[in-house]
Amino acid sequence: MQDFLLLAALMAIFVFGYVVMKKLDCVLEDNRKAQELPVSEKNSHPVNSSDSPEIDRLLKNTAISGKLHYRV
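Worth saying up front: this structure is predicted, and the values here are computed from it rather than measured.

S.K.: Is there a simple way to think about the overall build of the protein in this case?
M.R.: Broken down by element type, the protein carries three helices and zero strands. N-terminal to C-terminal, the α/β element order of the protein is α-α-α. Within the span of the protein, comprising 72 residues, buried residues form 1% of the whole.

If you want it as structure tokens, here you go:
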């Protein structure tokens, strides 16, 4: 009976490890695909573009804040 319990516990551990490794494999494959994207696709997010109005607004606010709090 103890042998059967030990065998069942080991099989459960192996199955759990297999499932975890399959999920890890999927995550690593997605990461590899993301790293292989061309540079133009990586920088297509609107925050990364230099002509974004958000960046202009942030730079303006940073400049104003720097002038107001220059001796902090």
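S.K.: What should I look at first to understand the pattern of salt bridges in this one?
M.R.: Side-chain pairing between opposite charges can occur once the charged atoms of the two side chains come close. Overall, the coordinates contain two salt bridges when judged by the stated rule. A salt bridge links Glu36 to Arg32; its shortest N-O distance comes to 2.7 Å. Glu36 gets classed as exposed once you look at its relative accessible area, which sits at 54%. Owing to a relative accessible area of 36%, Arg32 belongs among the partly exposed residues under this scheme. Here the salt bridges do not stand alone but share partners, grouping Glu29, Arg32 and Glu36 into one network.

S.K.: Explain a nonpolar patch on the surface to me, please; I cannot follow it from the model alone.
M.R.: Together, Leu6, Leu7, Leu10, Met11, Ile13 and Phe14 make up a nonpolar patch on the protein surface, roughly 630 Å² of accessible area in all. The residue Leu10 is located in helix α1 (residues 2–35) in this model.

S.K.: What is the right way to look at the confidence of the model for the protein in this model?
M.R.: In regions of low pLDDT, the predicted coordinates are not meant to be interpreted in detail. Confidence along the protein averages 79 in pLDDT terms, with 68% of residues attaining 70 or more. Mean pLDDT per element in the protein: helix α2 (residues 39–42) is the minimum at 58, and α1 is the maximum at 95.

Procedures and definitions
Residues numbered from 1 in each chain as written. Predicted model: local features only at pLDDT ≥ 70, side-chain atom pairs only at ≥ 80, totals over all residues. Heavy atoms only, no water. Helix = DSSP H or I, 4+ residues; strand = E, 2+ residues; numbered from the N terminus. Buried < 20%, exposed > 50% of the residue type's maximum accessible area, 1.4 Å probe, protein only. Salt bridge = Lys/Arg side-chain N within 4 Å of Asp/Glu carboxyl O. Patch = residues over 30% accessible without salt bridge, like charges linked within 9 Å, V, L, I, M, F, W, Y side chains within 5 Å. Areas by Shrake-Rupley, 256 points an atom, 1.4 Å probe, with all protein chains shown as cover. pLDDT = per-residue confidence, 0-100.

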